[in-house]
Amino acid sequence: MKFTSLAALAAALVGTSLSALASPLMPRDVFVPPILYPHADTVWTVGQRHNVTWDTSNAPKQITNGKGMIMLRFENLTTPVILANNFNILLGRIEVTVPTVVDSSEYQLVLFGDSGNFSPFFTIQGSGVDF
Ligand SMILES: *[C@@H]1O[C@H](CO)[C@@H](O)[C@H](O)[C@H]1NC(C)=O
Ligand SMILES: *[C@@H]1O[C@H](CO)[C@@H](O)[C@H](O)[C@H]1NC(C)=O
């Protein structure tokens, strides 16, 4: 009797893993939405809060990684500064606080979902430190 129920359990487990194996065949996709704001004319001031926005109109039905992260780039390099993390990529916006960084027009954001998308270059000012 024990064997029978173990066999049944094993069959159930095999069934589970088979359907888990089958799920990658479902439409699942890489989603890398383009950033809409900030754009090229944007000027942010240190300490302000702003909604970063991105286009979710081309989101696939199933997303491989639905969690987003936004990092700051400076002079074409991604910095360790995380502006937002662990939000739903389908929200299309997330509020961030402008960090205290040197004044420059060489900033970009990178929005990570499955992969990263860069914003245009924009300006952060207000630190009083020019670079
Ligand atoms: C961000 O967007 C939300 C929803 O539209 C709004 O309630 C909030 O005030 C906005 N934040 C800023 C800093 O504009
Ligand atoms: C960043 O890359 C752009 C485009 O390739 C280039 O025009 C610009 O000079 C670069 N900026 C720096 C600081 O390297």
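Attention here is on the structure that accompanies the text. (Residues numbered from 1 in each chain as written. Chains lettered and ligands numbered in written order. Predicted model: local features only at pLDDT ≥ 70, side-chain atom pairs only at ≥ 80, totals over all residues. Heavy atoms only, no water.)

### A short note on the site of ligand 1
Let me state the cut-off plainly: Throughout, near means a residue has at least one heavy atom within 4 Å of the molecule or strand. The definition of a polar contact used here is a pair of N or O atoms within 3.5 Å, where within protein one atom must be able to donate a hydrogen and the other to accept one, and adjacent residues in sequence count solely through side-chain atom pairs. Throughout, the Shrake-Rupley method with a 1.4 Å probe supplies accessible areas, and for residues the shown protein chains are the sole cover considered. Numbering of helices and strands runs from the N terminus, with a helix taken as a DSSP run of H or I at least four residues long and a strand as a DSSP run of E at least two residues long.
Around ligand 1, the surrounding shell consists of R49, N51, R93 and E95. With respect to ligand 1, the side chain of N51 contributes an N or O atom lying 2.4 Å from an oxygen atom. Separating a nitrogen atom of ligand 1 from a side-chain N or O atom of E95 is a distance of 2.7 Å. Out of a free accessible area of 360 Å², ligand 1 has 42% covered by protein chains. When contributions to the shell around ligand 1 are tallied by element, the ones reaching two or more residues are β3 (49–54) and β6 (93–97).

### Section: the sheet that holds β3
Just so we agree on the cut-off: Strands pair, by our definition, only if DSSP identifies at least two bridges between them. Here an axis means a line fitted to C-alpha atoms, over the contact stretch when the element is a helix, while the angle between two N-to-C directions is reported on a 0 to 180 degree scale.
Taken together, the 3 strands give an open sheet; going across it, the order is β1-β3-β6, and neighbouring strands pair in antiparallel fashion. In this open sheet, the two strands that pair with only one neighbour each are β1 (35–37) and β6. Across the sheet, the mean angle from the axis of one strand to that of its neighbour is 35°, orientation sign disregarded. As defined by bridge partners, β1 adjoins β3 across 2 bridges and the pair is classed as antiparallel. The residue of β3 that forms the bridge with I35 is W54.

### Here we look at the environment of H50
What counts is decided by this rule: Contacts are assigned to residue pairs that have any heavy atoms within 4.5 Å of one another.
Examined against the element boundaries, H50 turns out to sit in strand β3. In contact with H50, other than residues within four places in its own chain, are Y37, W44, I94, E95, V96 and V98. A polar side-chain atom of H50 sits 2.7 Å from a polar atom in the side chain of Q48.

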